[in-house]
Amino acid sequence: MCAPFKTRRRDGSAWAARGQHVIALGDSAELHGHGRGRRRVRGEPPSAAGARPGGRLRLDIEFTGLRSNLSGPQQISLFDLPSEWYLKTRQSVQQFTVCQIGLSVFSAIEGEANKYIAHSCNFYLFPTTFGILDSEFSFQASSVQFLNQYGFNYNKFLKNGIPYMNEEQEKKIRHDILTGNWRVRSSPDKDQIKVVIDEVTRWLELAKEGDWMTLPGITGFQAFEVQLVLRQALPNIWTVLKDEGVVVKKVSKQHRWYLQNTSCDRESCWKENILLSARGFSVFFQMLVKAQKPLVGHNMMMDLLHLHEKFFRPLPESYDQFKQNIHSLFPVLIDTKSVTKDIWKEMNFPRVSNLSEVYEVLNSDLNPTKNSGPEIVHASRCEKYVETKCPHEAAYDAFLCGSVLLKVAHLLLQKIYHIDPVPESSFPQYLDVLAPYVNQVNLIRAGVPKINFSGPDYPSIRPPILILSVKRWPGVSEQQVYHKFQNLCKFDVRRLTRSQFLLLTNKFKDARNILKEYRDHPTLCISLYRYWRHSPNVNCLLQVCGIVTAWALLAFILGRSGT
């Protein structure tokens, strides 16, 4: 089950993945666990349970907002080159934050052909607040309403979210902790720390050496903060974190020195543990990167941007640098949106608008391999999803995305063999048939339909640009032009000159319809845009060349007549 395998990229080069372990992203979702084991407290790094060779992981992310309400040229558009789309979207990613991540681990069941078990869980995340690190982020009203509609628990996000940080933030905190320059900065933390110090100080006045007291209700990452401050402020105490809270013990200065220098609790080791706790979910992200396994998602471009910004490094200004960084972190990306777009046309499946609908079609009788494809069951602690559909819950969307990947791959495999069932179908075979889609990530509303993370982007296959020439409509704006055509079809509009506008749609049918409808219109003339004919820059250049040529010709004629 964990034997090495290889498949090939579209360009013919080999890409490999050891074992059968795939990390997948989905349609943007959230994180909270369905297991009923030990409660996870804020600050505790997430477990890597299930992230073992032989497992396939699918990750899904939910955000506090998707796009800033930018206007004019800052809005994303079908006219945008990938680099322009990236720079515009980068601003939104920096403004909003991740509030949930869902994980679904798919493992092959040993001894059973093409059968998988899925372990699904959710994690609520909240940016690390420690020392000078105090992140700012925004909420978008539409995103809040959307999450509320699907039962998102904002209390778990805001009160119990697991901390996380990127590498730049980690460097700053590491330096402050290890050099002793760390300070409590936020007002609520300062107030609470002051109360704790006052309480412990009053107790110390009456306590004898060896006595101890418990500070209840202090858990997770906050417990490390409290212990660090108490140890710095009071030289005759020692602290220990236990299930019931932080235990404070009165000790002599000699015994304090001994405790600080024992192998199990040296100060340097203890500070490393504080840093580990502050890093939180970032520890798990680095494990995923180190595994170098295929990363699978559905419409995963925004997910990749947030993964880079929140867990790796701030997004660079260079689009090419961003692509290089992502390819280094995750050498193999598979976007099920790109895969399903192609196969939907070929199989003549009904139109779908989201991941849940894709999953439903693949599980219906419309799928010719429904009864022979991979069998997927839920793990015992994840049985919530057996009977209950939970759209836009992160772990559920993670499960859907992983299932869609397996089912679509089996459908592609069946088309190659032209027989059903496919003999001895396995996950390495599935990756082989998915090779043409490797590192091709779907791009919503841009000049190209997808981004190639392993090389140059492919040229646009969008419909041609149209040019609208307006007569007898003074002062017309882009917004007015958009509303004029919106009932017939949706166009992105960009002003070219005072009376000319460029129109662009992502549907060839819409372009043909508008050309036909306005062929003989008296005031709105629409035709195909030709750069050398319609570009103001080219027209200006031709006019200048015409003037220069005319003057040169005139000078030549006058010169000849003078002689």
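Only a predicted model underlies this, so the values are computations on that prediction, with no experimental measurement involved.

Thresholds applied
- Throughout, a residue's number is its position along its own chain's written sequence, starting from 1.
- In keeping with the predicted nature of the model, local features appear solely for residues at pLDDT of at least 70, side-chain atom pairs appear and are counted solely at 80 or more, and the whole-chain, interface and lining totals rest on all residues.
- As a rule here, side-chain values cover all heavy atoms of the structure and leave hydrogens and water aside.
- For two strands to count as paired, DSSP must find a minimum of two bridges between them.
- Runs of H or I in DSSP of at least four residues are treated as helices and runs of E of at least two as strands, each being numbered from the N terminus.
- Axes, fitted as lines to C-alpha atoms, cover a helix only where it is in contact. Angles between the N-to-C directions of the axes lie from 0 to 180 degrees.
- Stacked, edge-to-face and tilted labels apply to pairs of Phe, Tyr and Trp rings (six-membered ring for Trp) whose centres lie within 6.5 Å, assigned for plane angles under 30 degrees, over 60, and everything in between, in that order.
- Accessibility here uses a 1.4 Å probe with only protein chains present; expressed as a share of the type maximum, an area under 20% marks a residue as buried, one over 50% as exposed, and anything in between as partly exposed.
- Throughout this description, the term charge over a ring refers to an Arg CZ or Lys NZ atom that lies within 6 Å of the ring centre and within 35 degrees of the ring normal.
- As a per-residue quantity, pLDDT reports the predictor's confidence and falls between 0 and 100.
- Residue contacts are counted whenever heavy atoms from the two residues lie within 4.5 Å of one another.

Quick look at the sheet that holds strand β19 (residues 500-504) now. Taken together, four strands build an open sheet; the order of strands is β18-β19-β17-β20 and the sheet is antiparallel. Of all strands in the sheet, those bounded by a partner on one side alone are β18 (492-495) and β20 (524-528). Neighbouring strand axes in the sheet, compared pairwise and without regard to direction, differ in orientation by 25 degrees on average. In this sheet, β19 lies alongside strand β17 (residues 466-470) in antiparallel orientation, the contact comprising four bridges.

For the structure shown, the criterion picks out 26 aromatic pairs. Between F137 and F157, the ring centres sit 6.4 Å apart and the planes meet at 50 degrees, which makes this aromatic pair tilted. Taken together, the positions of F137 in the loop between β8 (133-134) and α2 (141-149) and F157 in helix α3 (residues 154-160) put the pair 20 residues apart, joining distant regions of the chain. Its relative accessible area of 24% is what places F137 among the partly exposed residues. Ring centres of F152 and Y154 lie 4.6 Å apart, and the angle between their planes is 70 degrees; on these two criteria the pair is classed as edge-to-face. Note that R231 overlies the ring of W238, its terminal NZ or CZ placed 3.6 Å from the centroid.

Next up on the list: the confidence of the model for the chain. With 84% of its residues at a pLDDT of 70 or more, the chain shows a mean pLDDT of 81. For the chain, per-element mean pLDDT is lowest for strand β1 (residues 5-8), which scores 34, and highest for helix α11 (residues 319-329), which scores 97. Below pLDDT 50 for its whole length, residues 1-19 participates in 46 contacts with residues either more than four positions away or in separate chains.

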